[in-house]
Amino acid sequence: MASLSWALRVVATRPRWIIFQGLGPRPLSSSAGPTTEKSVPYQQTLKREQDSSRGPSRPLPSEANVVLIGGGSLGCQTLYHLAKLGVRGVVLLERDQLTSGTTWHTAGLLWQLRPSDVEVELLAHTRRVVNHDLPEETGLHTGWIQNGGLFIASNRQRLDEYKRLMSLGKAYGVESHVLSPAETKALYPLMHVDDLYGTLYVPHDGTMDPAGTCSTLARAATIRGAQVIENCPVTGIRVRTDDFGVRRVAAVETEHGPIRTPVVVNCAGVWAGAIGRMAGVKVPLVAMHHAYVVTERIEGIQNMPNVRDHDASVYLRLQGDALSVGGYEANPIFWEEVSDRFAFGLFDLDWDVFTQHIQGAINRVPVLEKTGVKSTVCGPESFTPDHKPLMGEAPELRGFFLGCGFNSAGMMLGGGCGQELAHWIVHGRPEKDMYSYDIRRFHHSLTDHHRWVRERSHESYAKNYSVVFPHDEPLAGRNMRRDPLHEELLGQGCVFQERHGWERPGWFSPRGVAPVLDYDYYGAYGHQVHKDYTYNQLLGDEYTFDFPPHHDIIRKECLACRGAAAVFDMSYFGKFYLVGPDARRAADWLFSADVSRPPGSTVYTCMLNHRGGTESDLTVSRLDPGSQDSPLAPAFKGDGYYLAVGGAVAQHNWSHITSVLQDQCFQCQLIDRSEDLGMISVQGPASRAILQEVLEADLSNEAFPFSTHKLVRAAGHLVRAMRLSFVGELGWELHVPRADCVPVYRAVMAAGAKHGLVNAGYRAIDSLSIEKGYRHWHADLRPDDSPLEAGLAFTCKLRSNVPFLGREALEQQRASGLRRRLLCFTVDEKVPMFGLEAIWRNGQVVGHVRRADFGFAIDKTVAYGYIRDPSGSPVSLDFMKSGDYTLERMGVTYAAQAHMKSPFDPDNKRVKGIY
């Protein structure tokens, strides 16, 4: 059998044009079907002799409470967890045999540490299921092998990233150790360590056998009454429309008859898109070839840990006395025409694509140069635009859930995600914060946009092993949604950020224009890499865990806002109107605060779920009824409300509100005007003087109080002005019809010239808002955080008798005591923090930092994180105040001061115009 070095030499000695055909100018996709099957490195598979004439493995029931489609990791895990929750009438349909799609050939690795606290929890549950729960319940071995994991750092930034993971792991009890090159060599004698900065060793990492795990999951589920039906392809999803015009799942159709059901779960992996099309549901994923090779026996490799050498884009998985070698390349092959007859099949390995991993593998474990290749494994995997799974109920169809798009991590995330998906189906919400996986995170204009899905999925694949820096931005799928001020701000040096399709201002560079160019695929598939790409160079400058080089530029934006005024383009915000006969009832139920105030009032509020978790924070403005329809107000009678929500989460808000309206049968309309309105915000001590020259209105405290809004003229254009602040200063938001945004903006800038008005972006907002103690949704405020825990009790109308969604959970939480609380910290030593730092109190880890940034007005790092009492008791105010706190950043602790109030302007004088 050929060795890895042979493969490297073959590619190296080919004519140059042939090499480049493989590594660059090669077709973007492949429509070839699977080839002759090859052995995969497991002692068993679930494969049995195929018989196309054989019917389903058991008779189909006429109805079921839940039907899962797909017998891979997610299907089996969700089946198991639904059964554990006591759900009856659960059926899993597999068109061939369990694991026959993509699960059977997966590497089965499980790493416990990821740069996300939620993922650390999900991985911990998977490990618990395969290592403890299943063997205890069934007496069967799942194939779990705990041989540890070793993360390789060949540069300082990579080692810094691993140290961040180590600090986060301490908050979750995950043992890990930073090793020197010498210590690494002692642990792994066959490893070349001369080029290492160090490694991170996680002794309780390991591997799973896909077949052993899935068969044991199915066994445990069927013992509890669930049914697994193999050899039963799904041919359609039957949909009904209810009396309110809502589309709902009615039945699953198969080649062997229908099954009536109100709930379908799409766990079809690579084939999830086809299942989605049957139901009219968009599933944004693509299929790609993903490969590894299995070596011959290597003397001395036994019991060695699995290895991830991210900088070489390669992993080494222990396989008995051999290694599996794989990775992520910049030019993966797309599987364009996904075959519905694929089962237990593989593709021929494209050595031109795979060879880029060989040099890294040989460099790390030199004995591989003379080691033979026993087998090659190249199969399809599904990948998504942000390298996160697709989960939750589809917004287009009630009762249709997704559990797919796992980016080759379905085995390791399967247990945690299967549990959360089961809770989602049964209780209407997962227990943990799953927003990053929720299909509703994507704007509906993107989920079936072929170019966007393809480009972003490619970049996510190619950058899978890249260092996760705090201020990175994608280069793919850009300029999809641009607000009316985009060109105006671009010309003034705006460096844009991308948030779910929107281009929003990040910060303003004095170096001039930095446009975002069309995606160059990092030079793959014959594309020419952009030369002198200013935007990419600016991003590259920010690839650091230290203060970025643009730190002082952002400082100037922040201090200008504090000292004079700054203008922020917030046009990408979601802007909805809630009107109709039941609008008042709907608003009372949806919003935690009392929004039934007189027209002209604006209220900051939250929207909660049944568990009391926070689905959103937003402003709700009560409107006067009117007969003229315009972007500034629809025509309506009775009650009406204008909702302004963060643009990055607008689709999530829309879907949440829509679901609640449907569930409660409220007769009202939710109207989306996000594209029709811009939003210009002027904040700072000079904002009143500036806007008084632009707005035809009295802006005094008496005439225009805080938290009110009016329709006024701005430079001759009708706008809705709101006196609000998101940075802790005197300020107004101007909600402007799209066509009028540029002239209004120019008028504001002209009036502000003599007052020191500057442009500022969201990097400044992040700093200013955390300095003032304002919450950011999905950072320090998430669906598993209650307003009481987050210090937002003032947004909840608990003193009234008005019922609202989540009220009962809050009342129960208040009565039993808060088991965790959000606490503010400042660090005197000037050190950058970005979140994930461990929080120590009196020598014990009590939590981790959710969000951190530098506060320029107070000249300190500010951090927010939830803390718990290690005794399990409720977290009292005395407990919070009395502790001696430190924050651990990359293994080093820094003294921290806890604050019960905002460290900046704790008496809220500035928002009242008191300076």
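Rules behind the numbers
- Residues numbered from 1 in each chain as written.
- Predicted model: local features only at pLDDT ≥ 70, side-chain atom pairs only at ≥ 80, totals over all residues.
- Heavy atoms only, no water.
- Helix = DSSP H or I, 4+ residues; strand = E, 2+ residues; numbered from the N terminus.
- Rg over C-alpha atoms; globule rule 2.2 N^0.38 Å.
- Buried < 20%, exposed > 50% of the residue type's maximum accessible area, 1.4 Å probe, protein only.
- Contact = heavy atoms within 4.5 Å.
- Areas by Shrake-Rupley, 256 points an atom, 1.4 Å probe, with all protein chains shown as cover.
- Lys, Arg positive; Asp, Glu negative; His and termini not counted.
- Charge placed at Lys NZ, Arg CZ, Asp CG, Glu CD.
- Pairing = 2+ DSSP bridges.
- Axes fitted to C-alpha atoms, helices over the stretch in contact; angles between N-to-C directions.
- Salt bridge = Lys/Arg side-chain N within 4 Å of Asp/Glu carboxyl O.
- Expected span 1.5 Å × (residues − 1).
- Arc of directions from axis to C-beta.
- Disulfide = S-S within 2.5 Å.
- Polar contact = N/O pair within 3.5 Å; in protein donor to acceptor, adjacent residues only side chain to side chain.
- Core = buried A, V, L, I, M, F, W, Y, C linked by side-chain atoms within 4.5 Å.
- Parallel < 35°, antiparallel > 145°, perpendicular 65-115°, else oblique.
- Left-handed = near helix turned anticlockwise from the far one by under 90°.
- Phe/Tyr/Trp six-rings, centres within 6.5 Å; stacked < 30°, edge-to-face > 60°.
- Lys NZ or Arg CZ within 6 Å of the ring centre and 35° of its normal.
- pLDDT = per-residue confidence, 0-100.

### A word on the overall build of the chain
The number of helices and strands found in the chain is 22 helices and 41 strands. Computed over the C-alpha atoms, the radius of gyration of the chain is 28 Å, within 12% of the 29 Å expected from 2.2 N^0.38 for a compact globule of 915 residues. Within the chain, the fraction of its 915 residues that count as buried is 63%. Once local pairs closer than 6 in sequence are excluded, the contacts in the chain between residues at least 24 apart make up 74%. Of the accessible surface of the chain, which amounts to about 33200 Å², a share of 49% is contributed by carbon and sulfur atoms. On the chain, the mean spot of the 96 positive side-chain charges and the mean spot of the 103 negative ones are 3 Å from each other.

### Side note on the sheet that holds strand β29 (residues 640–645)
The strand order β27-β28-β29-β26-β30 describes an open sheet built from 5 strands, whose pairing is antiparallel. The open sheet has two free edges, formed respectively by β27 (602–608) and β30 (669–672), since each of these has just one partner strand. Taken over all neighbouring pairs, the strand axes of this sheet differ in orientation by 30° on average, direction set aside. In this sheet, strand β28 (residues 614–622) lies alongside β27 in antiparallel orientation, the contact comprising 7 bridges. Bridge pairing in β28 links L608 to T614. In the packing of helix α17 (residues 650–664) onto the sheet, the strands contacted are β26 (574–579), β27, β28, β29 and β30, and the crossing angle to β30 comes to about 165°.

### Thoughts on the pattern of salt bridges
What the rule picks out here adds up to 50 salt bridges. The salt bridge partner of R584 is D588, with a shortest N-O separation of 4.0 Å. You can see R584 and its partner D588 sitting in helix α16 (residues 583–590), 4 residues apart, about one turn around the helix. Note on R584: relative accessible area 33%, which makes it partly exposed. Since its relative accessible area comes to 18%, D588 is described here as buried.

### So, the sheet that holds strand β36 (residues 821–827)
One closed barrel holds the 6 strands; their spatial order is β36-β39-β38-β37-β40-β41, and the pairing between them is antiparallel. Strand-to-strand twist of the sheet, defined as the mean angle between neighbouring strand axes without regard to direction, takes the value 40°. Direction of pairing for strand β37 (residues 838–841) relative to strand β38 (residues 844–855): antiparallel, over a ladder of 4 bridges. Bridged to R841 within β38 is Q844.

### A look at helix α19 (residues 741–752)
Over its 12 residues, α19 runs 16 Å from end to end, which matches the ideal 16 Å to within 8%, given 1.5 Å per residue. Along α19, the positions that sit buried rather than exposed are C741, V744, Y745, V748, M749, A751 and G752. Considered in projection along α19, the buried side chains sweep an arc of 165° and stay on one side of the axis.

### Comments concerning the state of the cysteines
As enumerated under the stated definition, the model contains 0 disulfides in all. Among the cysteines around C741, which has no disulfide bond, C494 carries the closest sulfur, lying 15 Å off. By relative accessible area, C741 is classed as buried at 0%. There is no disulfide at C824, and the cysteine sulfur nearest it, in C558, is 16 Å away. By relative accessible area, which is 2% here, C824 ends up buried.

### Digging into helix α14 (residues 534–541)
Turning to α14, its buried residues are Y535, L538 and L539. For α14, the buried positions fall inside an angular range of 100° around the axis, keeping them on one side. In this fold, the buried residues of α14 make contact with β23 (494–499) and β24 (502–508).

### Observations concerning the pairing of β28
Within β28, 9 of the 9 residues are buried, leaving the element largely enclosed by the surrounding structure. Where β27 folds back onto β28 in an antiparallel hairpin, the turn is made up of 5 residues, including G612, whose phi is positive at roughly 85°.

### Notes on the side chain of D209
For D209, the position within the fold is in the loop between β8 (206–207) and α7 (210–223). Only 2.9 Å separates the side chain of D209 from the backbone nitrogen of G212, close enough to count as a polar contact.

### Concerning unusual backbone geometry
The residue N842 is not glycine, and still its phi comes out positive at about 50°. Counting through the fold element by element, N842 comes out in the loop between β37 and β38. The partly exposed category is assigned to N842, whose relative accessible area is 46%. Of note, the phi angle at D905 is positive, near 50°, even though the residue is not glycine. Along the chain, D905 falls in the segment after β41 (892–899).

### Some thoughts on the nonpolar core
The biggest cluster of nonpolar side chains holds 175 residues, and the ones touching the most others in it are F400 and F568. With 8 residues, the top contributor of residues to this core is helix α11 (residues 410–427). By size, the runner-up hydrophobic cluster in this structure holds 33 residues, among which are F508, V694, A721 and V736.

### Let's talk about the packing of helix α3 (residues 73–84) against α7
Direction vectors running N to C along α3 and α7 enclose 25°, while the axes themselves pass 8 Å from each other. With respect to their mutual orientation, α3 and α7 come out roughly parallel. The crossing of α3 and α7 is left-handed. In this structure, α3 uses S73, C76, Q77, L79, Y80 and A83 to contact α7, whose residues at the interface are C214, L217, A220 and A221.

### Description of the packing of aromatic side chains
On inspection of all chains with the given rule, the structure shows 31 aromatic pairs. Ring centres 5.0 Å apart and planes at 5° place the aromatic pair F469 and Y543 in the stacked group. One end of the pair, F469, is in the loop between α12 (450–462) and β22 (481–482); the other, Y543, is in the loop between α14 and α15 (551–563), and 74 residues separate them in sequence. Given the relative accessible area of 10%, F469 is considered buried. Among the residues examined, Y543 registers a relative accessible area of 26% and is labelled partly exposed. A connected cluster of aromatic rings, assembled from ring pairs, spans F334, Y519, Y521, Y522 and Y525. One cation-aromatic arrangement involves K830 over F547; the distance from NZ or CZ to the ring centre is 5.7 Å.

### Here's the deal with the environment of D766
With respect to the helices and strands, the residue D766 is situated in helix α20 (residues 762–772). Note: C-alpha distance between D766 and V727 (39 residues apart in sequence) is 8.7 Å. Beyond its immediate chain neighbours, meaning those up to four positions away, D766 contacts H776, R851 and D853.

### Description of the confidence of the model for the chain
Put simply, the chain has an average pLDDT of 93, and 94% of its residues get 70 or more. Within the model, pLDDT remains below 50 along residues 14–29, and this stretch shows 35 contacts once partners closer than five positions in the same chain are excluded.

### Considerations on the environment of T184
Within the secondary structure, T184 is located in helix α6 (residues 181–187). Each C-alpha atom of the pair T184 and L150 lies 8.7 Å from the other, and the pair is 34 residues apart in sequence. If sequence neighbours within four positions are ignored, T184 has contacts with L150, L179, M191, V193, L196 and T199.

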